[in-house]
Amino acid sequence: MSALIEEDYITEEGEFVINIGPQHPSTHGVLHIKAWLDGETIKKVQPHLGYIHRSIEKMSESLSYRNFIFVTSRMDYISAHINNEACALAVEKGLQIEAPPRAQVIRILMAELTRLASHQLWWGATGLDLGAITPFFHAFREREAIITIMENTCGARLTQNYMVPGGVMYDLHPDFQKETKAIVKQVKEKLGEYEDLLTGNVIFEQRTKGVGYISKEDAISYGCSGPTARASGVSCDVRKWFPYDGYDKVVFDEVLDTGGDCYARYMVRMREMVQCCDIIDQLIDNIPEGDFQAKTKNVIKLPKGEFYQRVETARGELGVYLVSDGAASPYRIKYRSPNFSNLSALEHMAVGGKIGDLVAIMATLDLVIPDIDR
Amino acid sequence: MTNEELKQRFTELLPGAIYDETGEFLNVIINSEVLLPFVKELRNNDTLSFDYLFCLTCVDWKDHLMMVYHLLSKDHKHTVVVKAKITDITNPEIESVSSIWKTANFHEREVYDLFGVKFLNHPDLRRIFLDEDWPGHPLRKNYVDENMIEI
């Protein structure tokens, strides 16, 4: 943050320095990017972080194994469900228990609905960043319906806090199946409309094709994951590699592209929305009867040891590294957040491009700043 | 490769390594001085090729600091956790691995910021979240702040 008080905004080589953010709409939050420019060409990019750093890892060290899960809703707040799922699974791994079948299916359904809602928000915001305002309203029409389903079942729209060690907190809302079927049908119909609005648009294609390229080797080296890495041809879907909560029983494709540019990242997410709908379709009529929560003790204590759990959020691989010393709260907890690693590739993608491309790159990286800062 | 085969290879590379298989992954515990040549071999050897560093962090065990590197090979689909022990807790130092995995650049800056571990030969070692003049390193167990409250 000390960068703000530097005085040399024109360097000796004739480059000038501009600060984008922390309150710029295209950074989707409080991300501050310092860019060195030669004319319009980017020479160097430096993200300055920490504006929303709350030290969630430190906080978790003094919370119980039941409570620390809910703090993670505030990391990637658009994938709050999936964050909670990762923590619940990590605790379950320590307790050596598994959620009952009904809870597992509910978890998958909720996670895929979250992913759908997240990708819709991203799609609307990407259009907005690149100068098209209409997609935003279309995306929010469907997203609002999904958020309402969440509200009916979990009682909250964004930070749902629905996952607990051993299952989910309470059973599904009676109208859940009916409403979910309706929204999935609607999304499938409207996806064609989405494509018509943005995908084939000449201005959109020119702003994204060949922009922000990253090769397969670099994507792996930078630790990219999720749609960002899959657009460069890196197979990294945690749901396929290390299945959890019964994802191995569900039929779906890992969406891969080889373009490596903004357009490829866009297409991967568009095709992932179809996969989300397919997964929900397979499960919505087959929710097993039974308990929605396994029995656990009131005060959870994990045995001494280390537990690592990764899940696929809407943005990539979230890892929870939990170190236990046998007490009632974690000794150390580390969140390997997808956005943090994806952001580290930003400079590699942006250098050599134009300043306008930076906005396209940030939009297709789908950055959520509280997840970077934690 | 299975864990047994991996262990055999690691012993050839580094005879003094200690193994821990109680958890989910194979853990290799080494001294911080030998870290860089060891992980360089892990990355560049074709039969090992650990190309994906998916988690890099540090744990404060009060009498020592433990750097933890989670490594995955995309080609061979095997995982290993390399742990490097830093015994000097007042002035902790370790070689940077950012020349091997580019993602380490940001992750090491985070560890430097929150644990105070100094990474030698790091290209851009600055605090990543907190101000440069922030006193102390919050994730260390002996960190005190007058504004901290008990939850």
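As the structure is a computational prediction, the values presented were derived from the model and not from experiment.

Comments concerning the overall build of chain A
Point 1. If you tally the helices and strands in chain A, you get 15 helices and eight strands.
Point 2. Relative to the globule expectation of 21 Å for 374 residues, the C-alpha radius of gyration of chain A, 21 Å, shows essentially globular dimensions.
Point 3. Evaluated residue by residue, chain A yields a buried proportion of 51% over its 374 residues.

Focus on the overall build of chain B
Point 1. If you tally the helices and strands in chain B, you get three helices and seven strands.
Point 2. Mapped in sequence order, the helices and strands of chain B form the string α-β-β-α-β-β-β-β-α-β.
Point 3. Taken against the 2.2 N^0.38 rule, which gives 15 Å for 151 residues, the C-alpha radius of gyration of chain B at 16 Å falls within 12% of a compact globule.
Point 4. Overall, the C-alpha framework of chain B stretches about 50 × 30 × 25 Å when taken along its three principal axes.
Point 5. When the 151 residues of chain B are sorted by exposure, 38% land in the buried category.

Examining the confidence of the model for chain A
Point 1. Mean pLDDT for chain A: 87, with 97% of residues reaching 70 or above.
Point 2. Scored below 50 in pLDDT, residues 1-5 of chain A shows seven contacts in the model against residues more than four places distant or in partner chains.

As for the sheet that holds strand β3 (residues 41-48) of chain A
All names here are of chain A.
Point 1. A sheet is described by the order of its strands in space; here three strands give the open sequence β1-β2-β3, paired in antiparallel fashion. Sheet topology places β1 (16-20) and β3 at the edges, where each strand pairs with a single neighbour. The average undirected angle you get between the axes of adjacent strands in this sheet is 20°.
Point 2. Both strand β2 (residues 32-38) and β3 contribute to a ladder of seven bridges, which runs antiparallel. Within β3, the residue paired with A35 across the bridge is V45.

A look at the environment of A:K178
Residue and element names in this part refer to chain A.
Point 1. Checked against the element boundaries, K178 lands in helix α6 (residues 176-199).
Point 2. On the neighbour-count criterion, K178 (11 C-beta atoms within 10 Å) is exposed.
Point 3. Separated by 106 residues in sequence, K178 and I284 have C-alpha atoms that sit 9.2 Å apart.

Quick notes on the environment of A:R107
All names here are of chain A.
Point 1. Counting through the fold element by element, R107 comes out in helix α4 (residues 101-129).
Point 2. Under the C-beta neighbour-count criterion, R107 is labelled buried, with 27 such atoms within 10 Å.
Point 3. As a C-alpha pair, R107 and E85 span 22 residues in sequence and 7.6 Å in three-dimensional space.

Observations concerning the confidence of the model for chain B
Point 1. Here chain B shows a mean pLDDT of 87. Residues at 70 or above account for 99%.
Point 2. For this predicted complex, the interface score ipTM comes out at 0.88, while the overall pTM is 0.87.

Overview of the packing of α4(A) against helix α11 (residues 262-284) of chain A
Residues and elements named next belong to chain A.
Point 1. At a minimum axis separation of 9 Å, α4 and α11 run at an interaxial angle of 150°. Considering their axes alone, α4 and α11 lie roughly antiparallel with respect to each other. Where α4 crosses over α11, the two elements pack in a sense that is left-handed. From α4, V105, I108, L109, E112, L113, R115, L116, H119, W122 and T126 reach across to α11, where they touch Y266, R269, E272, M273, C276, I279, I280, L283 and I284.
Point 2. Here the residues of the contact of α4 with α11 sort into 13 nonpolar, two polar and four charged.

Observations concerning the nonpolar core
Point 1. Residues A:I361, B:Y69, B:V82 and B:V117 are the most contacted members of the largest nonpolar core, which totals 143 residues.
Point 2. In contact with B:V117, not counting residues within four places along its chain, are B:C58, B:L65, B:I86, B:P92, B:I94, B:V111 and B:Y112.

With respect to the packing of α11(A) against helix α14 (residues 355-365) of chain A
Residue and element names in this part refer to chain A.
Point 1. Relative orientation of the contacting elements α11 and α14 amounts to 25°, with a least axis distance of 9 Å. For the element pair α11 / α14, the angle class is roughly parallel. Helix-helix and strand crossings are classified by hand; for α11 and α14 the assignment is left-handed. On the side of α11, the interface is formed by C262, R265 and Y266, while α14 contributes A360, I361 and T364.
Point 2. Tallied by class, the residues present in the contact of α11 with α14 amount to four nonpolar, one polar and one charged.

As for unusual backbone geometry
Point 1. Phi at A:S55 takes a positive value of approximately 55°, unusual for a residue other than glycine.
Point 2. When you line up the elements, A:S55 lands in the loop between β3 and α1 (56-60).

Quick notes on the interface of chain B and chain A
Point 1. Taken together, the contact pairs 26 residues of chain B with 28 residues of chain A.
Point 2. Secondary-structure elements contributing two or more residues to the side of chain B that touches chain A are β3 (52-60) and α3 (104-115) of chain B.
Point 3. Split by residue class, the side of chain B that touches chain A holds 14 nonpolar, six polar and six charged.

What counts as what
- Residues numbered from 1 in each chain as written.
- Chains lettered and ligands numbered in written order.
- Predicted model: local features only at pLDDT ≥ 70, side-chain atom pairs only at ≥ 80, totals over all residues.
- Helix = DSSP H or I, 4+ residues; strand = E, 2+ residues; numbered from the N terminus.
- Rg over C-alpha atoms; globule rule 2.2 N^0.38 Å.
- Buried ≥ 20, exposed ≤ 12 C-beta atoms within 10 Å, placed from the backbone.
- pLDDT = per-residue confidence, 0-100.
- Contact = placed C-beta atoms within 7 Å.
- Pairing = 2+ DSSP bridges.
- Axes fitted to C-alpha atoms, helices over the stretch in contact; angles between N-to-C directions.
- Parallel < 35°, antiparallel > 145°, perpendicular 65-115°, else oblique.
- Left-handed = near helix turned anticlockwise from the far one by under 90°.
- Nonpolar A, V, L, I, M, F, W, Y, C, P; charged D, E, K, R; others polar.
- Core = buried A, V, L, I, M, F, W, Y, C linked by C-beta atoms within 7 Å.

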